[in-house]
Amino acid sequence: IAAVFPYLPYNNNFSKGQGFYSAHYEAYPKGRKAITELGNLLKEQGYNIAIDPPVPAKQIAYISGLGKFGKNSLIHHHKFGSFLALHVLLTNADIPSDNIEAGEITDCGTCRLCIDACPMQAITENGVVLISRCLRFHMLSSEIIPLEIREKIDNRVVGCDDCQNVCPRNRPLIRDSDNAGTGQNIFDIKMLLTDASVGLKRHMDLIGKQIGKNYARAQRVLSMAVIIAGNSCDLSYLPLLADTLHHPHPPIRAHSAWAIGKLGGKSAKFMLKEAQSKEKNPYVRKDISFALENLQNMP
């Protein structure tokens, strides 16, 4: 059984100092809860079920007639556009299948707005997404994030809707988009950086309740907060980055060095030189050297 859970996107008007997250991550668990309730009904009748097993959900949605592929590789529904959470339920229940002709796999024609809008040019001319270039692939990573990705992340913590925001099929939904309400405060960058030394449990509890526990990983969230601080042009983050520059987790130290080098300021060089004298990790040292070089090139 294939199902889509439609949602409205956020309007991206996150207040200053708040990290952006896509509305998808709040919608997905709601859709999963709905299809789980259906699965439980079947289970009560003695049937076996599996919720969201490792199967190609987009391909199943297409074959089921729920939508076609866009050039950004996402499924778009004729009414709800591509702002969908896809879910699949497998069961041995004897349910008659719908007689559906899915038709052409895509109806995008010559439109290439999503290709042009991608900040990392990760979408090829024939609609293949180069995952290693996609911003989302690197967000909330436990590894050191490549420099060119950090530069394009801006204030995003998880999710990049650029290719969906320009799609003509999504215009009605974009027009009706809403803000994230109180949820937009779950990634308060200054608070995350401030509390890094004493623990981020209260933040992770809030994030887990809002968008799911899978995304409430303290080191990964802190790593994204550091990158967003580096992209902010706000020198008030420097004292906080001076602390995360000595964090036990190497990617956080590497990202902190980059962020300090990008922000600049009178104390930046001293912070980096001090860290360089103590740093043993070769990858972090590389980021410190890059940051120092960046400072020299600043006007």
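Model, not experiment: these values are computed from the prediction.

*Asks:* Provide a residue-level description of the nonpolar core, including the pertinent values.
*Replies:* By size, the foremost hydrophobic cluster in this structure holds 66 residues, and its most contacted members are Tyr21, Phe187, Leu193, Leu241 and Leu272. Per element, the largest residue contribution to this core is 8 residues, and it comes from helix H10 (residues 218-230). Excluding anything up to four places from it in sequence, phenylalanine 187 contacts Gly17, Gln18, Gly19, Tyr21, Val157, Leu192, Ile207, Ile211 and Val221.

*Asks:* Give me the pairing of strand E6 (residues 84-91): which residues, what numbers.
*Replies:* Side chains on a regular strand alternate between the two faces of the sheet. Burial runs high along E6: 6 of the 8 residues are buried. Across 5 bridges, strand E1 (residues 2-6) lies against E6 in antiparallel orientation. When the bridges of E6 are listed, alanine 3 appears paired with histidine 87. Relative to E6, strand E3 (residues 49-51) runs antiparallel, the two sharing 3 bridges. The residue of E6 that forms the bridge with alanine 50 is leucine 90.

*Asks:* So what's going on with the side chain of asparagine 72? Residues and values would help.
*Replies:* By secondary structure assignment, the location of asparagine 72 is in the loop between strand E4 (68-69) and strand E5 (75-76). Those residues in contact with asparagine 72 that lie beyond four places of it in its chain are Cys114, Ile123, Val129, Cys163 and Gln164.

*Asks:* A description of the packing of aromatic side chains should follow, citing residues and the corresponding values.
*Replies:* Geometry of an aromatic ring pair is reported as the spacing of the ring centres plus the angle between the planes. Counted according to the given criterion, the structure contains 8 aromatic pairs. Here phenylalanine 14 and tyrosine 21 contribute two aromatic rings whose centre-to-centre distance is 5.9 Å and whose plane-to-plane angle is 80°, an arrangement assigned as edge-to-face. Ring centres 6.0 Å apart and planes at 55° place the aromatic pair tyrosine 62 and phenylalanine 69 in the tilted group. The exposure classification of tyrosine 62 matches that of phenylalanine 69, with both residues buried. By way of ring pairs, the aromatic residues Tyr10, Phe14, Phe20, Tyr21 and Phe187 are connected into one cluster. The ring centre of tyrosine 237 lies 4.9 Å from the NZ or CZ of lysine 190, which sits over that ring.

*Asks:* Could you give an account of helix H13 (residues 268-278), with specific residues and numbers?
*Replies:* Those residues of H13 not exposed but buried are Ala268, Met271, Leu272 and Ala275. All buried residues of H13 lie within an arc of 90° about the axis, which places them on one face of the element. For H13, the exposed residues lying more than 90 degrees away from the buried face are Phe270 and Ser277.

*Asks:* Tell me about the environment of histidine 247, residues and numbers included.
*Replies:* Structurally, histidine 247 can be placed in the loop between helix H11 (238-244) and helix H12 (250-263). Residues histidine 247 and proline 119, spaced 128 residues apart in sequence, show a C-alpha to C-alpha distance of 30 Å. Setting aside its immediate chain neighbours within four residues, histidine 247 contacts Gln219, Leu222, Ile252 and Arg253. Within polar-contact distance, the side chain of histidine 247 engages the backbone nitrogen of histidine 249 at 3.0 Å.

*Asks:* Got a sec to walk through the packing of H12 against helix H14 (residues 282-296)? Specific residues and values, please.
*Replies:* Remark: H12 packs on H14, axes separated minimally by 8 Å, with the N-to-C direction vectors making an angle of 5°. Taken as axis vectors, H12 and H14 run roughly parallel relative to one another. Residue-level inspection shows Pro250, Arg253, Ala254, Ala257, Trp258, Ile260, Gly261 and Lys262 of H12 in contact with H14, the latter providing Val284, Asp287, Ile288, Phe290, Ala291, Asn294 and Leu295. Class assignment for the residues of the contact of H12 with H14 results in 10 nonpolar, 2 polar and 3 charged.

*Asks:* Could you give an account of the sheet that holds E3, naming the residues involved and the relevant values?
*Replies:* Pairing is antiparallel across the open sheet formed by 3 strands, whose spatial order is E1-E6-E3. Both outer strands of the open sheet, E1 and E3, are each paired with one neighbouring strand and no more. Across the sheet, the mean angle separating the axes of adjacent strands is 25° when strand polarity is ignored. In the packing of helix H1 (residues 24-44) onto the sheet, contacts are made with E1, E3 and E6, and the angle to E6 comes to roughly 20°.

Cut-offs used in this document
Residues numbered from 1 in each chain as written. Predicted model: local features only at pLDDT ≥ 70, side-chain atom pairs only at ≥ 80, totals over all residues. Heavy atoms only, no water. Core = buried A, V, L, I, M, F, W, Y, C linked by side-chain atoms within 4.5 Å. Buried < 20%, exposed > 50% of the residue type's maximum accessible area, 1.4 Å probe, protein only. Helix = DSSP H or I, 4+ residues; strand = E, 2+ residues; numbered from the N terminus. Contact = heavy atoms within 4.5 Å. Pairing = 2+ DSSP bridges. Phe/Tyr/Trp six-rings, centres within 6.5 Å; stacked < 30°, edge-to-face > 60°. Lys NZ or Arg CZ within 6 Å of the ring centre and 35° of its normal. Arc of directions from axis to C-beta. Polar contact = N/O pair within 3.5 Å; in protein donor to acceptor, adjacent residues only side chain to side chain. Axes fitted to C-alpha atoms, helices over the stretch in contact; angles between N-to-C directions. Parallel < 35°, antiparallel > 145°, perpendicular 65-115°, else oblique. Nonpolar A, V, L, I, M, F, W, Y, C, P; charged D, E, K, R; others polar.

No statement about biological role is implied by the geometric values presented.
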